[in-house]
Amino acid sequence: MKIFTSVLLLFVSVITFGQSPLADKIRQLENAGEQPTYFAPCIATGTNIAAHDAYAEERLYFTVDPAQLQAMINARAPFVELTMPGLYDTYTLQLFPSSIFADGFQLTGPNGVLPYDPYATSVAYRGIIKGDDASLVAVSVFADHIEGVISSPAKGNVVFAPVKDAGIHVLYDDRSLLLNNPIECAAQDPEQMEWKRSETEAKGGALDPCVKVYIEADYEMFEDEGGATQAADYIVSFFNVVSTLYFNESITTVISEIFVWNEPDPYPTGSSFDAL
């Protein structure tokens, strides 16, 4: 089930805990007297999907209030306290907006620019668990769903996302996953690599401190997600997690363009290496 693998893939296990830029930002907002806007769009249910027993032992299902999700999108508040159910207790998350789009960002396809305005249809946040300065949180909010990750040294890594075509969401502890999900890099590096300094570096000039990322989605993702907009939303949610991890290392990353193949792509399908 993609729900138990996709979000987790980017929540890599290289997180280091301690006082962080995320916690520093929250302290700055509090010290400046910024009052948080409160939201609680998630409602725990007694639902259980037996088919998921093979994927994760510790999980919780919840529904969302679309009106509150839309209110979060409309408000785009500079400081948010989000309450949501957890496996063992309730989370109070302190969040601030994620800046994940470069100036001039656009969604494109084989035939040019596609209509897509992420500022009108979604909002991305990052931050910490209230009272836990060593934690890390990334949350992406859309009109009909919410997804992200919550991580702390004490409580481990929790992932939440919608269950496809089920009308509910699932939250699970990655330590309870029963899936065998080996990660293998199919890219081959040449035996000898020559690094050439750029003209800017050679002159001692400053490099752009913001890393701009181009992301391409194949036709399979277009079909799986149900369209170019849905594929872009999926990528944006993923990237919010990735950019939050980098933010916590004082590295800024933004998306410059998302390209979605909305017609059959030219990539071989035999293996990742063939596609690369």
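Residues numbered from 1 in each chain as written. Predicted model: local features only at pLDDT ≥ 70, side-chain atom pairs only at ≥ 80, totals over all residues. Heavy atoms only, no water.

Chemist: Looking at this structure, I do not really get the overall build of the protein. What am I missing?
Modeler: Along the backbone of the protein there are eight helices and 14 strands. When each of the 276 residues of the protein is scored for burial, the buried share is 45%. With the model as given, the accessible surface of the protein reaches about 14,500 Å², and the carbon-plus-sulfur share is 52%. (Helix = DSSP H or I, 4+ residues; strand = E, 2+ residues; numbered from the N terminus. Buried < 20%, exposed > 50% of the residue type's maximum accessible area, 1.4 Å probe, protein only. Areas by Shrake-Rupley, 256 points an atom, 1.4 Å probe, with all protein chains shown as cover.)

Chemist: Any chance you could explain the pairing of strand β9 (residues 132-142) here in plain terms?
Modeler: By the criterion of burial, β9 is predominantly enclosed, with nine of the 11 residues buried. Relative to strand β10 (residues 146-152), β9 runs antiparallel, the two sharing six bridges. Within β10, the position partnered with L136 by the bridge is S151. In sequence, β9 turns back onto β10 through a hairpin of three residues. (Pairing = 2+ DSSP bridges.)

Chemist: I would appreciate a short explanation of the sheet that holds strand β13 (residues 210-217) in the present structure.
Modeler: Hydrogen bonds between backbone atoms are what pair the strands of a sheet, whose relative direction is either parallel or antiparallel. Taken in spatial order, the four strands make up an open sheet running β7-β6-β14-β13, and their pairing is mixed. The open sheet has two edge strands, β7 (112-114) and β13, and neither has a second partner. Each strand of the sheet is rotated relative to its neighbour by a mean of 40°, with strand direction disregarded. When β13 meets strand β14 (residues 252-260), the two strands line up parallel, connected through eight bridges. Within the sheet, the bridge partner assigned to V211 lies in β14 and is T253. Most of the contacts of helix α7 (residues 228-247) go to β14, to which it runs at about 160°, and overall it touches β6 (101-109), β7, β13 and β14. (Axes fitted to C-alpha atoms, helices over the stretch in contact; angles between N-to-C directions. Contact = heavy atoms within 4.5 Å.)

Chemist: Any chance you could explain unusual backbone geometry here in plain terms?
Modeler: Glycine aside, residues mostly have negative phi, and peptide bonds are mostly found in the trans state. With a phi angle near 45°, R76 is a residue other than glycine that sits in the positive phi range. Topologically, R76 is positioned in the loop between α3 (66-75) and β4 (80-85). A positive phi angle, near 60°, is found at D165, a position not held by glycine. Along the chain, D165 turns up in the loop between β11 (156-162) and β12 (169-173).

Chemist: I would appreciate a short explanation of the nonpolar core in the present structure.
Modeler: Of all hydrophobic cores here, the largest spans 26 residues; its most connected members are F62, L82, M84, L93, V139, I146 and I150. Broken down by secondary-structure element, the contributors of at least two residues to this core are β3 (59-64), α3, β4, β5 (90-97), β8 (122-129), β9, β10 and β11. Beyond its immediate stretch of four places on either side in the chain, L82 contacts F39, P41, M72, Y91, T92, L93, L95, V139 and I146. (Core = buried A, V, L, I, M, F, W, Y, C linked by side-chain atoms within 4.5 Å.)

Chemist: Is there a simple way to explain the pairing of β8 in this structure?
Modeler: In the case of a regular strand, side chains alternate between the two sheet surfaces. Counting buried positions over the eight residues of β8 gives eight, a clear majority of the element. Taken together, the five bridges between β5 and β8 define a ladder with antiparallel strand orientation. Looking at β8, one finds that L95 is bridged to G127. One ladder, built from seven bridges, connects β8 with β9; its direction is antiparallel. Among the inter-strand pairings, A124 is bridged to a residue of β9, identified as S140. Two successive antiparallel strands, β8 and β9, enclose a turn made up of two residues, where G131 displays a positive phi of approximately 90°.

Chemist: Looking at this structure, I do not really get the environment of T47. What am I missing?
Modeler: Relative to the helices and strands, T47 resides in the loop between β2 (42-44) and β3. Spatially, the C-alpha atom of T47 lies 6.1 Å from that of Y61, the residues being 14 residues apart in sequence. Those residues in contact with T47 that sit more than four places away from it in its chain are Y61 and I168. There is a polar contact of 3.0 Å between the side chain of T47 and the side chain of T45. (Polar contact = N/O pair within 3.5 Å; in protein donor to acceptor, adjacent residues only side chain to side chain.)

Chemist: Is there a simple way to explain the packing of aromatic side chains in this structure?
Modeler: Any two aromatic rings considered together are summarised by their centre-to-centre distance and by the angle between their planes. In the structure shown here, the tally under the stated rule is eight aromatic pairs. On the numbers, 5.8 Å between centres and 55° between planes, the contact of F96 with F247 is tilted. Of the two residues, F96 sits in strand β5 while F247 sits in helix α7, which places them 151 residues apart along the sequence. Looking at F247, the relative accessible area reads 23%, which means it is partly exposed. Here a set of aromatic residues connected by ring pairs shows up, and it is made of F101, F105, Y116 and Y119. Seen from the ring of F96, K25 lies directly overhead, with NZ or CZ sitting 6.0 Å from the centre. (Phe/Tyr/Trp six-rings, centres within 6.5 Å; stacked < 30°, edge-to-face > 60°. Lys NZ or Arg CZ within 6 Å of the ring centre and 35° of its normal.)

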